[in-house]
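The lines below spell out each chain.
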Amino acid sequence: MADIVDKATRSRMMSAVRSKNTRPEMLLRKALHAAGLRYRLHVADLPGRPDLVFPKYRAVIFVHGCFWHGHEGCPDFRLPETRREFWRDKIQTNRQRDRNTSDSLQNIGWRYMVVWECQLRSAKAKAALPELVGQIEKWLNS
Ligand SMILES: [Zn+2]
């Protein structure tokens, strides 16, 4: 029993650790590119080093892992059974950093959007990808 929980937890954390160029992010990148949207990647001189940067629109997108960034109410965000306090603190720190990042971006006149990995991961999510791309296009042009 405990093994199953640990395994699931471990695999969730391992998938979150591969933070750059992860598969869900690649799915989104491909779909945006196919829609003719051009972006830069992981721009280091912007707050939070956003995953996707649309300079023309002064807009950025972060693809957030649901575990590390504490996606509220998401089935992919469950605290591990062990060392709960440790994980809670760690994720609280990450969320605070995310808030600071969005504030900093706003202060310098950049717009900010979060796409959660769970929006990209499941087969259902993949089917809904064109809709998400449409929403992003609309947001960029708003
Ligand atoms: Zn999620």
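Quick note: structure is the one above.
Predicted model, so just to flag it, every value in this text is computed and none were measured. (Residues numbered from 1 in each chain as written. Predicted model: local features only at pLDDT ≥ 70, side-chain atom pairs only at ≥ 80, totals over all residues. Heavy atoms only, no water.)

Visitor: It is not clear to me how the overall build of the protein should be interpreted in this structure. Could you clarify?
Guide: On a plain count of helices and strands, the protein comes out with 6 helices and 4 strands. Secondary structure elements in the protein, listed N-terminal to C-terminal, are α-α-β-β-β-α-β-α-α-α. The proportion of buried residues among the 142 residues of the protein is 42%. Long-range pairs, those at least 24 residues apart, make up 56% of the contacts in the protein between residues at least 6 apart in sequence. Carbon and sulfur atoms provide 54% of the accessible area of the protein, an area that totals close to 8,600 Å². (Helix = DSSP H or I, 4+ residues; strand = E, 2+ residues; numbered from the N terminus. Buried < 20%, exposed > 50% of the residue type's maximum accessible area, 1.4 Å probe, protein only. Contact = heavy atoms within 4.5 Å. Areas by Shrake-Rupley, 256 points an atom, 1.4 Å probe, with all protein chains shown as cover.)

Visitor: Can you walk me through the coordination of the zinc ion in this structure?
Guide: Each pair of donors in an ideal octahedron of six around a metal sits at 90 or 180 degrees, and each pair in an ideal tetrahedron of four sits at 109.5 degrees. Distances from the zinc ion to its protein donors, namely Cys-66 (SG), His-71 (ND1), Cys-74 (SG) and Cys-118 (SG), fall within the range 2.0 to 2.4 Å. Classification of the site at the zinc ion as tetrahedral follows from its 4 donor atoms and the range of 104 to 114 degrees in their angles at the metal. Sequence positions of the donors to the zinc ion reduce to the motif C-x4-H-x2-C-x43-C. Here Cys-118 lies in helix α4 (residues 118–121) and His-71 lies in the loop between β3 (59–64) and α3 (84–107), a separation of 47 residues in the sequence. (Donors = N, O, S within 2.8 Å, 3.2 Å for Na, K, Ca; no water. Tetrahedral: all angles 85-135°; square planar, octahedral: opposite > 155°, others 65-115°.)

Visitor: Could you clarify how one ought to interpret the pairing of strand β4 (residues 111–116) in this entry?
Guide: Taken residue by residue, a regular strand's side chains alternate between the two faces of the sheet. Where β3 lies against β4, 6 bridges are found, and the strand directions are parallel. Note that in β4 the partner of Phe-62 across the bridge is Val-114. (Pairing = 2+ DSSP bridges.)

Visitor: So what exactly am I meant to see when it comes to helix α6 (residues 129–141) here?
Guide: Along an α-helix, residues three or four positions apart point the same way, because every turn accommodates 3.6 residues. Here α6 contains 13 residues, and its C-alpha end-to-end distance of 18 Å stays within 8% of the 18 Å for a straight helix at 1.5 Å per residue. Looking only at α6, the buried set comprises Leu-129, Leu-132, Val-133, Ile-136, Trp-139 and Leu-140. Projected down its long axis, α6 carries its buried residues within an arc of 120 degrees, all on one side. Of the exposed residues in α6, the ones pointing more than 90 degrees away from its buried face are Pro-130, Glu-131, Lys-138 and Asn-141. (Expected span 1.5 Å × (residues − 1). Arc of directions from axis to C-beta.)

Visitor: Mind showing me how you'd approach the pairing of β3 here?
Guide: Counting buried positions along β3 gives 6 out of 6 residues, so the element sits mostly inside the fold. Counting the residues that bridge the hairpin from strand β2 (residues 52–54) to β3 gives 4 residues, and of these Arg-58 lies at a positive phi of roughly 45 degrees. Since β3 and β4 lie parallel, the crossover through α3 that links them has a hand, and here it is right-handed. (Right-handed = clockwise from strand over helix to strand, strands pointing away.)

Visitor: Would you mind showing me how to read the side chain of His-71 here?
Guide: Since its relative accessible area comes to 17%, His-71 is described here as buried. Among residues more than four places away in sequence, those in contact with His-71 are Cys-66, Phe-77, Trp-116 and Cys-118.

Visitor: Can you help me understand the sheet that holds β2 in this one?
Guide: Hydrogen bonds between backbone groups are what pair the strands of a sheet, and the pairing can be parallel or antiparallel. As summarised here, the arrangement of the 4 strands in space is β1-β2-β3-β4, forming an open sheet in which the pairing is mixed. Strands at the two margins of the open sheet, each flanked by one partner only, are β1 (40–41) and β4. In this sheet, β2 lies alongside β1 in antiparallel orientation, the contact comprising 2 bridges. Each residue of the ladder has a partner; that of Arg-40, found in β2, is Val-53. The strands touched by helix α2 (residues 23–34) are β1, β2, β3 and β4; relative to β2, the strand with the most contacts, the crossing angle is about 25 degrees. Across the sheet, α6 lies against β2, β3 and β4, angled at about 170 degrees from β4, the strand it touches most. (Axes fitted to C-alpha atoms, helices over the stretch in contact; angles between N-to-C directions.)

That's the geometry; what it means functionally is another story.
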